Amino acid sequence: MKLPFFLAKRFVAGETFKSAVPKIEALNKKKIKVTLDLLGENVKLKTTADETVNEYISLLNDIHSAGLKSTISIKLTMLGLDIDELYCRDNLYKLLDEARKSDSFVRIDMEGSDYTQQTIDVFKEVFKEYGKHVGIVIQAYLHRTKDDINDLAELGADVRLCKGAYNEPERVALQKMSDIREAFKEYSKVLLDKTSYPRIATHDDELVNWVKDYSVENKIGKARFEFQMLYGLREETMEQLTNDGYNTRVYVPYGTMWFPYFKRRLMERKENIFFIFTTMFKK
Ligand code: FAD
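- Going by an unreviewed UniProt entry, the protein chain carries the name proline dehydrogenase and comes from Rhodohalobacter barkolensis.
- The protein chain has a UniProt comment under Catalytic activity (unreviewed entry) that states "L-proline + a quinone = (S)-1-pyrroline-5-carboxylate + a quinol + H(+)".
- Under Pathway (unreviewed entry), UniProt gives the following word-for-word description of the protein chain: "Amino-acid degradation; L-proline degradation into L-glutamate; L-glutamate from L-proline: step 1/2."

Below is the structure:
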């Protein structure tokens, strides 16, 4: 059964690029940049992965022609990682060729822990060739991140740090919020100290304030990093951060395959579920 789109519209900007454009323009007008995510994951057919690469390429062109301040975020399982890693890499090369031509940027989102190693391997491979046009995401809750973060910082990678959105077992990931927050702070420190432009992705005031304080104490200018949040969450906070002189970017998902993303947002916060129920009655 397909749920009606109006349920997801708090978190998803539209089912098509065209319907998302006004929302992106509104954010850009407030000096908030965007990263666009064509929703979907775990593609099993080459024909679908091929279509997805073409859609991503069109998206880069559409962003450019519409003059939007937006990069794109992609998932390797959308490019065929479940089918064959080499095939997925070739697809990513195709996309990055286009990104380089339009001087754009492609962020590789991080998926569940079964994909972490492959995602890092693929990233390292393409980073050698596409440098400033490609970035990766690191999840603070994973135990392995204490090694990955230093490795990627040393490489000079462009890293988005987030807590991690997937249900991971104890042997793989920290479970307690206080532990995840401490790890997030430790890894923010590594990125702020060692990389040129870290992206701090969280809605958590404790972490946002910690990063602000750390940057002031260590004379790290506001132009040296960026705060990122998800579409539909904490818009006023984003506006405030922007007005206070911080660089900000909103992750804007769109597309018809919105259910898994929507479900993750609901699982994260009971207030989000409450919001959906009130939306249902307000329709
Ligand atoms: P939470 O842990 O959900 O909440 C912590 C505290 O923050 C709350 O108790 C509350 O005080 C405050 N808070 C949170 N939300 C709100 C709100 N709406 N209003 C008011 N207060 C609030 N995960 C991945 O696994 N892979 C990715 O590639 C990935 N990319 C991401 C990109 C961006 C830009 C962002 C923002 C997140 C991304 N995530 C990704 C999701 C991330 O891993 C977390 O699951 C998600 O951000 C929830 O953690 P949090 O720190 O934002 O807040």
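### Here's the deal with the overall build of the protein chain
Here's step 1: Summing up its helical and strand segments, the protein chain has 10 helices and 8 strands in all.
Here's step 2: A compact globule built from 283 residues should have a C-alpha radius of gyration of about 19 Å, and the protein chain, at 18 Å, falls within 12% of that.
Here's step 3: Taken over 283 residues, the protein chain has a buried fraction of 53%.
Here's step 4: The long-range share in the protein chain, meaning contacts at least 24 apart out of those at least 6 apart in sequence, stands at 71%.
Here's step 5: Surface exposure of the protein chain reaches about 13600 Å², of which carbon and sulfur atoms provide 52%.
Here's step 6: On the protein chain, the mean spot of the 45 positive side-chain charges and the mean spot of the 44 negative ones are 5 Å from each other.

### Examining the packing of aromatic side chains
Describing an aromatic ring pair means giving the distance of the ring centres and the angle of the ring planes.
Here's step 1: By the definition in use, this model includes 7 aromatic pairs.
Here's step 2: Ring geometry for F225 versus F227: centroids 5.5 Å apart, planes at 85°, classification edge-to-face.
Here's step 3: For F225, a relative accessible area of 0% puts it in the buried group.
Here's step 4: An aromatic cluster is defined as three or more aromatic residues linked by ring pairs; in this entry it consists of F225, F227 and Y246.
Here's step 5: The side chain of R199 reaches across the aromatic face of F105, ending 5.5 Å from its centre.

### Things to note about the packing of helix 4 (residues 116–130) against helix 5 (residues 145–155)
Here's step 1: Where helix 4 contacts helix 5, the two axes come as close as 12 Å, and the packing angle between them is 10°. Of the possible angle classes, the one that applies to helix 4 and helix 5 is roughly parallel. Here helix 4 contributes I120, F123, K124 and F127 to the contact with helix 5, which in turn contributes D148, D151, L152 and L155.
Here's step 2: Considered class by class, the residues forming the contact of helix 4 with helix 5 number 5 nonpolar, no polar and 3 charged.

### A closer look at the pairing of strand 2 (residues 70–74)
Here's step 1: Of all 5 residues that make up strand 2, 5 are buried, and the element is covered over most of its length.
Here's step 2: The alternating pattern of strand 2 places S70, I72 and I74 and T71 and S73 on opposite faces, both of which are buried.
Here's step 3: Taken together, the 4 bridges between strand 1 (residues 33–38) and strand 2 define a ladder with parallel strand orientation. Directly across from V34, in strand 2, lies its bridge partner S70.
Here's step 4: Across 3 bridges, strand 2 lies against strand 3 (residues 106–108) in parallel orientation. Following the sheet pairing, I72 is matched in strand 3 by V106.
Here's step 5: Once you follow strand 2 into helix 3 (residues 85–101) and on to strand 3, the crossover reads as right-handed.

### Considerations on the UniProt feature "binding site: FAD" (unreviewed entry) in the protein chain
Here's step 1: The UniProt record annotates "binding site: FAD" (unreviewed entry) at M110, Q139, K163, G164, A165, T202 and H203.
Here's step 2: Mapped onto the fold, K163 is located in the loop between strand 5 (159–162) and helix 6 (177–194).
Here's step 3: Owing to a relative accessible area of 17%, K163 belongs among the buried residues under this scheme.
Here's step 4: Those residues within four positions of K163 in sequence are excluded, and the remaining contacts are Q139, A140, Y141, M177, I180, F184, T202, D204 and L207.
Here's step 5: Looking at where T202 falls in the secondary structure, it is placed in the loop between strand 6 (199–201) and helix 7 (205–217).
Here's step 6: Owing to a relative accessible area of 6%, T202 belongs among the buried residues under this scheme.
Here's step 7: Excluding residues that lie within four positions of it along the chain, T202 makes contacts with K163, F184, L207, V208, Q228 and M229.

Each value, and the rule that gives it
Residues numbered from 1 in each chain as written. Predicted model: local features only at pLDDT ≥ 70, side-chain atom pairs only at ≥ 80, totals over all residues. Heavy atoms only, no water. UniProt positions renumbered as here; feature names shortened; annotations may be inferred. Helix = DSSP H or I, 4+ residues; strand = E, 2+ residues; numbered from the N terminus. Rg over C-alpha atoms; globule rule 2.2 N^0.38 Å. Buried < 20%, exposed > 50% of the residue type's maximum accessible area, 1.4 Å probe, protein only. Contact = heavy atoms within 4.5 Å. Areas by Shrake-Rupley, 256 points an atom, 1.4 Å probe, with all protein chains shown as cover. Lys, Arg positive; Asp, Glu negative; His and termini not counted. Charge placed at Lys NZ, Arg CZ, Asp CG, Glu CD. Phe/Tyr/Trp six-rings, centres within 6.5 Å; stacked < 30°, edge-to-face > 60°. Lys NZ or Arg CZ within 6 Å of the ring centre and 35° of its normal. Axes fitted to C-alpha atoms, helices over the stretch in contact; angles between N-to-C directions. Parallel < 35°, antiparallel > 145°, perpendicular 65-115°, else oblique. Nonpolar A, V, L, I, M, F, W, Y, C, P; charged D, E, K, R; others polar. Pairing = 2+ DSSP bridges. Right-handed = clockwise from strand over helix to strand, strands pointing away.

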